[in-house]
Amino acid sequence: MENTKSFLSNNSGVANSASLIKGLQLFIADLRLSTQIDDQEKRIHSELIKIKQQFESSGKQKDRNSKVSGYQRKKNIAKLAYIYITSNTNKLDDILFGLKEIIILLKSKVYSEKFMAYMTLEMLFQHESVVEKIESDIIQQLLIDFESTNDDHVALALNFIGIVAGLKNNLALNNELVDEVFNIIRSPTSSLPLKKRTSLSFLNLLKTNPTLLTNNLQRQDLWIQRIIALFDDQKNYRLMVSVLPLLTYIASYIDTTSCTRLVPQLVQTLYDCIMAGTSSTVNSQLSKEYMFANVPNPWLITKIVSLLNILIVSDNEVNSDVPGALYASNIGDDVLGKLRTSVSKVIELTTRETHDQMEKMVQNTILFSLINFSSKLDTTGTATINSIRTLCTLLVSPEVNIRFLTLDSLIKICTIRGKIAIDEVCVAKNLTLIIKLMNYEKDASLVRKIVDLLYVLTNTENIKIIVNQLIKYPMKSKINTDTKLKRDIAIKVSVLTERYATDINWFLEISLKLLSILSNSASQEELIWERLCQIIVNNPQLHKLACEEIIEYMSTNNTSESIVKAGAFILGEYANLISDKYAIGDLFNLFSDKYFLVSNETRAMILTTILKLYRFAPELGSVVIKFYQLELNSLDIELQTRSYEYLKIVQLSKMNNDSNLLEFLLAPIPPFNSKTNPLLKRLGNVGNSTPTSAMPRPLSRSTSNLSHQISSPTSTTSNFKPIPPASRSRSSTTFSKNQFEFDNTSTMTDSLHTKSTNVVNVNNNNASYMNQVLISDWQTSFSRMLSFKQGNLYTSPFLKIMFRLAPFSSTTTTNLTNPDNPYKITISLIFLNQSEWPINGLNTELIPYKTQGNPEYIITDTSAITSNTILPQKRVEQSFSITIRRPFDANTAPIMITRYTCGGSVNKVTLKLGISTLSPILTASKQINGRSSILTLSDFVSRWRQLRENMDKEGECQLNHLILKGTKNIETVKNVLNRIGFDIVDQTNIPSTIFLSTIIHTKSDGNYGCLIKINKNQLANDANGNSFDIICKTTSTGLLSKYIVDTLQYILSL
Amino acid sequence: MGIQFILCFNKQGVVRLVRWYEQLEKNEDTQAYISSIYKLLSSRDHKNQSNFIESFTEKTKLVYKRYAGLYFVMGIDTKDEEAIHLSNIHLFVEVLDAFFGNVCELDIVFNFYKAYMTMDEMFIGGELQEISKEVLLERLSYLDGLE
């Protein structure tokens, strides 16, 4: 018998036979002996009675011998669990009497007993009737078990939550329980196995109740930080595997931004894992942990990739629904490079021969996971083309699973990447292969995938080939084509022909062929013939041809009902156009023949058609009347009514010999103007996004082509694509226009984000900036950074951060005296570990005041921190640049959050960086401003006057009575301003006054001149220091002078 | 996201293991649900058809594999990637095999609670929580030895 044979290879197990429960084994063996279902039922029934009795008597005995009764209880409950399973969950109601005893067993201190109780409950919790009865008892016990010092008991409680909290119950709403679970994540003393379990149990709670975090922003921030801290130990891949799904959930549904800063770290791990897994020399312990079945660890890889998939959006997806995600173009080159290398390594790997089943499976898992992801990052297209080439070779794989995944992957890439991918798949060789595959594939679900793929691939060039093959498929196929697939193909063909056909005759031919092979039942098919009729009506040049073709189809014996319906409508409208070839009387006969072969709905249509035919040929009067009279007694009320009404109309017009009424009633149908093709709704989800955006739109389909058709609708040339209903074509023009605008915005955003790196968010609002809580003495380092080129930014017993500002130097120019970008500065940060323990998980997040809507400054070229770990007394570095696009308020300078853990403490430092519109002056070396440009006093005065004449008070800012503490006198102030880089007028005539000038550089607004007068207020000598007055004039009418004075205030107050 | 349920039944459709991580649709009866899966899978051609059922329901895909007389089935989210779950199933079976030593259906019948123990050491909240066979076996034999 097969069930005694092992599934796999020879192994000697480690299961302990001593832990067997004899009574249970006997019961199971007994049940298996009775082959008749009746016997089994009897056996179960008698066992249930026995168990019930035992439960009752043990209740009376008051635990005389608790050890024995615990064992008995465990055994009986195990039997109940078995009955539940073996009855395919059908006997739930028969075992509910045991719930009370399960709760008692749950309280046991013996592991195997507690385990049995939890295990049984985990199964039964799918049923609400069980949950209602015992939920509160269980929560109580869970809280007790969480407090236990026995890790095994805690693990059982965690398992329980990890398994059932996703079901319908109130566990996730219980704060006490949630706190207990989270405490294990938080506590530095929790063991690794418990932490792993906890992060997944917590995930389960969070999935059920996301408000756990979202209801309390402070908690959200703090808890997410703690969870991210679990990720710090990069060497611990086992913990990572458990934490990644939790982070993925948080990134998807709660807070993307806080996770984006992990991107460089995630990519590094992915890269290490793949490099270790693919290298031929595997020795180190680390590489061993990255391996599985001789290949890179697929779980680690797929989990990292699915998180990256959330955090990174492709540049095409401008309207991503994940706020806070990174655009692919914002990822640093080093990170991107690692990702690309990873993909090509994995592609290489799949060419490796292997006979191990598991290994092969794992290889492909990794391949598809990475290929699907990589198309997002590809800016040049070469990677996409490579991926597609690899995938196309896998299409002929003998493994059906691989073919399935390959097709799936191709559909995804073509949907995301559009033309560049589609063109590559469509090279003749591949297209032939795909079509061949469709005809030979034996798995219907694969055929469906191929149909989806062909649908995505279709464009104006290959429409004929693809549609001809699709339409042939149902007749040719080797498998029983189910009706659903047939219908699916029909709808797709109909949409494709309308969208891409350039030959109107061919369009009609295919559409009618499609109708002719449709089965007669499905309601969806209504849409197809209706749509065809709309198009024919709107394209006058089709009227005659359509009539002729339809008559041909209708003359065959097995006309499909859809054809009859289309015929009933079209011939009724336009039969007069072909009266030279076909007598109206013949058409009447044709319809009266079909009449008895079709459904009532179609019959009703034919009744109308007959009336319309009568209009063209009044001589048919008597046969038409006879025909209607036949149906006067129809059981179908619709047919009866129509016949009666139409009969009256015919009789009336005959009596008066007046066709006016008929002409009036049956005036030609006006063009249709339904806005969209209703069939699009039936398409389901080919690709991932909504049908309209997922549609591959051939680039060649220009609006001029379309308008040409609109302007010459009467053209008789057959080489035109069909004109869809009028207003739809209008809407499709606007659509292309939108598309155009849409592309515009996307390139704009791209250029805004050009090459800036990891942590510039796509956030629309400034909420994330405004919500930051800065550390208490942030102003000191902020002011220091405004006035010094280098210095300390932050100091704590653990970590010291130092900054250095420098003019931006691009690699192309070394000419420091004349920099290309005087409005751009580079900030280097040095992080120094001052403690005795290593600092882990160090990362920074830069939050600019805004990133969209024409930001004043942008952060670019952010390099990754050289290492996320700093050993004691060691340092790491990071740098980034800021481009000042226009003057800005120093109070909106970027905020930097630094996060790290050290010796078990999790730390977060939020600082405002001292960057202002004056920073470029500070960083520029003195020579650039040039001694020669220093003004004399008379120059200064004349310019000052000039500014006042031209601009009056506009562009001026005055600040009186600025009290500077200490002994600041005019000389010290002068020194500070000189150091900052202002040009100071060399004069001694006017005492206690400083005249300054400088040029402010911005990228978008150009340069501004700036004059400042500072004088020490002699009279108002304050006890706390000296008082100064500042007046600043600039050539800008905006707020620039105010920004400068504000900044000076910070600087001078230092 | 993640595994919605794990099922194991034999060729006759008799359930051996069942674990739900997500609630079934309203009013969906567990027994009817399981038997519809059984009907679907048992009618499939194992040589020429894949191990994936793409749209079992609106929200669920199936990934399954047959080992001798037993089907192992996972219900997963429609957005998840199928391939890794096939590896999940295989890993689970490998661990069962190592734990019981030449595991066969009878082992799972008579020691169903140990099979559950194995499952729970591997899958929590619909996610795989441990992938090292050595670690798992050590842990399982420790738990199995507890009183």
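The rules we used
- Residues numbered from 1 in each chain as written.
- Chains lettered and ligands numbered in written order.
- Predicted model: local features only at pLDDT ≥ 70, side-chain atom pairs only at ≥ 80, totals over all residues.
- Heavy atoms only, no water.
- Helix = DSSP H or I, 4+ residues; strand = E, 2+ residues; numbered from the N terminus.
- Buried < 20%, exposed > 50% of the residue type's maximum accessible area, 1.4 Å probe, protein only.
- Contact = heavy atoms within 4.5 Å.
- Areas by Shrake-Rupley, 256 points an atom, 1.4 Å probe, with all protein chains shown as cover.
- Axes fitted to C-alpha atoms, helices over the stretch in contact; angles between N-to-C directions.
- Parallel < 35°, antiparallel > 145°, perpendicular 65-115°, else oblique.
- Nonpolar A, V, L, I, M, F, W, Y, C, P; charged D, E, K, R; others polar.
- Pairing = 2+ DSSP bridges.
- pLDDT = per-residue confidence, 0-100.
- Buried area = accessible area lost by both parts, 1.4 Å probe.
- Salt bridge = Lys/Arg side-chain N within 4 Å of Asp/Glu carboxyl O.
- Polar contact = N/O pair within 3.5 Å; in protein donor to acceptor, adjacent residues only side chain to side chain.
- Phe/Tyr/Trp six-rings, centres within 6.5 Å; stacked < 30°, edge-to-face > 60°.
- Lys NZ or Arg CZ within 6 Å of the ring centre and 35° of its normal.
- Core = buried A, V, L, I, M, F, W, Y, C linked by side-chain atoms within 4.5 Å.
- Arc of directions from axis to C-beta.
- Expected span 1.5 Å × (residues − 1).
- Patch = residues over 30% accessible without salt bridge, like charges linked within 9 Å, V, L, I, M, F, W, Y side chains within 5 Å.
- Lys, Arg positive; Asp, Glu negative; His and termini not counted.
- Charge placed at Lys NZ, Arg CZ, Asp CG, Glu CD.

### A few points about the overall build of chain A
Here comes step 1: If you tally the helices and strands in chain A, you get 45 helices and 17 strands.
Here comes step 2: Out of the 1054 residues in chain A, the part that is buried amounts to 57%.
Here comes step 3: The contacts in chain A between residues at least 6 apart in sequence include a share of 71% that link residues at least 24 apart.
Here comes step 4: Within the structure as shown, chain A displays about 45,500 Å² of accessible surface, and the carbon and sulfur contribution to it stands at 51%.

### Concerning the packing of helix α6 (residues 111-124) of chain A against helix α4 (residues 112-122) of chain B
Here comes step 1: One can describe the packing of α6 of chain A onto α4 of chain B by two numbers: an axis separation of 11 Å at closest approach and a directional angle of 80 degrees. Viewed along their axes, α6 of chain A and α4 of chain B adopt a mutual orientation that is roughly perpendicular. Between α6 of chain A, through F115, M116, M119, E122 and M123 of chain A, and α4 of chain B, the contact on the second element is made entirely by F112, Y113, Y116, M117 and D120 of chain B.
Here comes step 2: Its residues assigned to classes, the contact of α6 of chain A with α4 of chain B comprises 8 nonpolar, no polar and 2 charged.

### A closer look at the sheet that holds strand β11 (residues 895-902) of chain A
Residue and element names in this part refer to chain A.
Here comes step 1: Reading across the sheet, the 3 strands line up as β8-β11-β12 and stay open at both edges, with antiparallel pairing between neighbours. Every other strand in the sheet has two partners, leaving β8 (839-847) and β12 (905-912) as the edge strands with one partner each. On average, each strand axis in the sheet is tilted by 15 degrees relative to the strand beside it, whichever way the strands run.
Here comes step 2: Looking at chain direction, β11 and β12 are connected through 8 bridges and run antiparallel.

### With respect to the confidence of the model for chain A
Caution applies to low-pLDDT parts of the model: their predicted coordinates are not meant to be read in detail.
Residues and elements named next belong to chain A.
Here comes step 1: Across chain A, the average pLDDT comes to 80, with 82% of residues at or above 70.
Here comes step 2: In this model residues 687-721 is a low-confidence stretch, pLDDT under 50, and it forms 58 contacts with partners more than four residues away in sequence or in other chains.
Here comes step 3: Contacts of residues 726-764 to residues separated by more than four positions or lying in other chains number 82 contacts, the stretch itself having pLDDT below 50.

### With respect to the pairing of strand β3 (residues 52-57) of chain B
Residue and element names in this part refer to chain B.
Here comes step 1: In terms of strand pairing, β3 meets strand β4 (residues 60-67) through 3 bridges, oriented antiparallel. Note on β4: the bridge partner recorded for F52 is V63.
Here comes step 2: Between the end of β3 and the start of β4, which pair antiparallel, lie 2 residues.

### Regarding the interface of chain B and chain A
Here comes step 1: Each partner contributes to the interface: chain B provides 81 residues, whereas chain A provides 93 residues.
Here comes step 2: For the chain B and chain A pair, buried surface summed over both sides reaches about 7,700 Å², with 57% attributable to carbon and sulfur atoms.
Here comes step 3: Looking at the side of chain B facing chain A, the largest losses of area belong to M1, Q23 and Y113 of chain B, adding up to 9% of the total buried there.
Here comes step 4: On the surface where chain B and chain A come into contact, there are 8 salt bridges.
Here comes step 5: We note a salt bridge from R197 of chain A to E121 of chain B, for which the minimum N-O separation is 2.6 Å.
Here comes step 6: Between chain B and chain A we count 24 residue pairs in polar contact (both at pLDDT 80 or more) in total.
Here comes step 7: It is helix α2 (residues 82-100) of chain B that contributes the most residues to the side of chain B that touches chain A, 14 residues altogether.
Here comes step 8: Of the residues contributing to the side of chain B that touches chain A, the split by class is 40 nonpolar, 20 polar and 21 charged.

### Remarks on the packing of aromatic side chains
All names here are of chain A.
Here comes step 1: If you walk through the whole model with that rule in mind, you get 34 aromatic pairs over all chains.
Here comes step 2: Between F588 and F627, the ring centres sit 5.7 Å apart and the planes meet at 70 degrees, which makes this aromatic pair edge-to-face. Placement of the pair is F588 in helix α31 (residues 584-595) and F627 in helix α33 (residues 621-631), with a sequence separation of 39 residues.
Here comes step 3: Assessed through its relative accessible area of 6%, F588 is described here as buried.
Here comes step 4: Given a relative accessible area of 7%, F627 falls into the buried group.
Here comes step 5: An aromatic cluster is present here, built from F588, Y595, F596, F627, Y628 and Y646 joined pairwise through their rings.
Here comes step 6: The ring of W223 has R219 sitting right over it, with the charged end atom 4.4 Å from the ring centre.
Here comes step 7: The ring centre of W944 lies 5.7 Å from the NZ or CZ of K1033, which sits over that ring.

### Focus: the nonpolar core
In globular proteins that are soluble, nonpolar side chains generally tend to be buried together.
Here comes step 1: Residues F202 of chain A together with F112 of chain B are the most contacted members of the largest nonpolar core, which totals 294 residues.
Here comes step 2: For this core, the element with the highest residue contribution is α2 of chain B, accounting for 12 residues.
Here comes step 3: Residues in contact with F202 of chain A, not counting those within four places in the same chain, are V178, V181, F182, I185, L212, W223, I227 and L246 of chain A.
Here comes step 4: Listed in part, the 34 residues of the second largest apolar core include A890, L918, V973 and I1012 of chain A.

### Let's talk about the sheet that holds β4 of chain B
Residues and elements named next belong to chain B.
Here comes step 1: Ordered in space as β2-β1-β5-β4-β3, the 5 strands form an open sheet in which the pairing is antiparallel. Edge positions in the open sheet fall to β2 (15-20) and β3, since each of these has one partner strand only. The average angle at which neighbouring strand axes cross in this sheet is 20 degrees, direction not considered.
Here comes step 2: With 5 bridges connecting them, strand β1 (residues 3-10) and β2 associate as antiparallel partners. From the neighbouring strand, I6 faces β2, where its bridge partner is R19.
Here comes step 3: Packing against the sheet, α2 makes contact with β1, β2, β3, β4 and β5 (70-77), and its axis sits at approximately 40 degrees to β4.

### A closer look at helix α44 (residues 970-980) of chain A
Residue and element names in this part refer to chain A.
Here comes step 1: Those residues of α44 that fall on the buried side of the exposure criterion are I970, V973, V976, L977 and I980. Mapping the buried residues of α44 onto a view down its axis gives an arc of 125 degrees, with all of them on the same face.
Here comes step 2: The backbone nitrogen of E971 lies 2.9 Å from a side-chain oxygen of the residue at the head of α44, namely N969.
Here comes step 3: Downstream of α44 by a residue or two, G981 has a phi angle that is positive, lying close to 115 degrees.

### Looking at the pattern of salt bridges
Should the charged atoms of two oppositely charged side chains come close, the side chains can pair.
Residues and elements named next belong to chain A.
Here comes step 1: Summed over all chains, the structure comprises 44 salt bridges over all chains.
Here comes step 2: The shortest N-O distance in the salt bridge between E498 and R531 comes to 2.9 Å. Residue E498 is located in helix α26 (residues 483-500), and its partner R531 is located in helix α28 (residues 524-538); the two are separated by 33 residues in the primary sequence. Like R531, E498 is buried.
Here comes step 3: Salt-bridge contacts for E971 lead to K974; the nearest nitrogen and oxygen are separated by 3.9 Å. Highlighted residues: E971 and K974, both in helix α44, separated by 3 residues, approximately one helical turn.
Here comes step 4: For K974, a relative accessible area of 24% gives the class partly exposed.
Here comes step 5: Ionic contacts of the salt-bridge type, sharing partners, join the residues D30, R43, E47, K50 and K79 into one network.

### Looking at the environment of K436 of chain A
Here comes step 1: Mapping K436 of chain A onto the fold places it in helix α23 (residues 428-440).
Here comes step 2: A C-alpha to C-alpha distance of 9.6 Å links K436 of chain A and Q469 of chain A, two positions 33 residues apart in sequence.

### Quick notes on α2 of chain B
Residue and element names in this part refer to chain B.
Here comes step 1: Helix length check: α2, at 19 residues, gives a terminal C-alpha distance of 28 Å against a target of 27 Å (1.5 Å per residue), a fit within 8%.
Here comes step 2: α2 sits mainly inside the fold: 19 of its 19 residues count as buried.
Here comes step 3: Positive phi shows up at G101, right after α2, with a value of about 75 degrees.

### Some words on a negative patch on the surface
Residue and element names in this part refer to chain B.
Here comes step 1: The grouping of E25, E28, D29 and E58 at the surface amounts to a negative patch.
Here comes step 2: The residue D29 is located in the loop between β2 and α1 (30-42) in this model.
Here comes step 3: Residue D29 is classed as partly exposed on the basis of its relative accessible area, which comes to 39%.

### Here's the deal with a nonpolar patch on the surface
Residue and element names in this part refer to chain A.
Here comes step 1: On the surface, a nonpolar cluster with roughly 530 Å² of combined accessible area is contributed by L652, M655, L661, F664 and L665.
Here comes step 2: Breaking the nonpolar patch down by element, the ones donating at least two residues are α34 (637-656) and α35 (660-665).
Here comes step 3: By residue number, the principal contributor to the nonpolar patch is α35, which donates 3 residues.
Here comes step 4: Locating L661 in the fold gives a position in helix α35.

### Some thoughts on the side chain of T365 of chain A
Here comes step 1: Tracing the backbone through its elements, the reader meets T365 of chain A in helix α19 (residues 357-374).
Here comes step 2: T365 of chain A sits in the buried class, given a relative accessible area of 2%.
Here comes step 3: Discounting chain neighbours no more than four positions away, the residues touching T365 of chain A are T302 of chain A together with A83, I84 and S87 of chain B.

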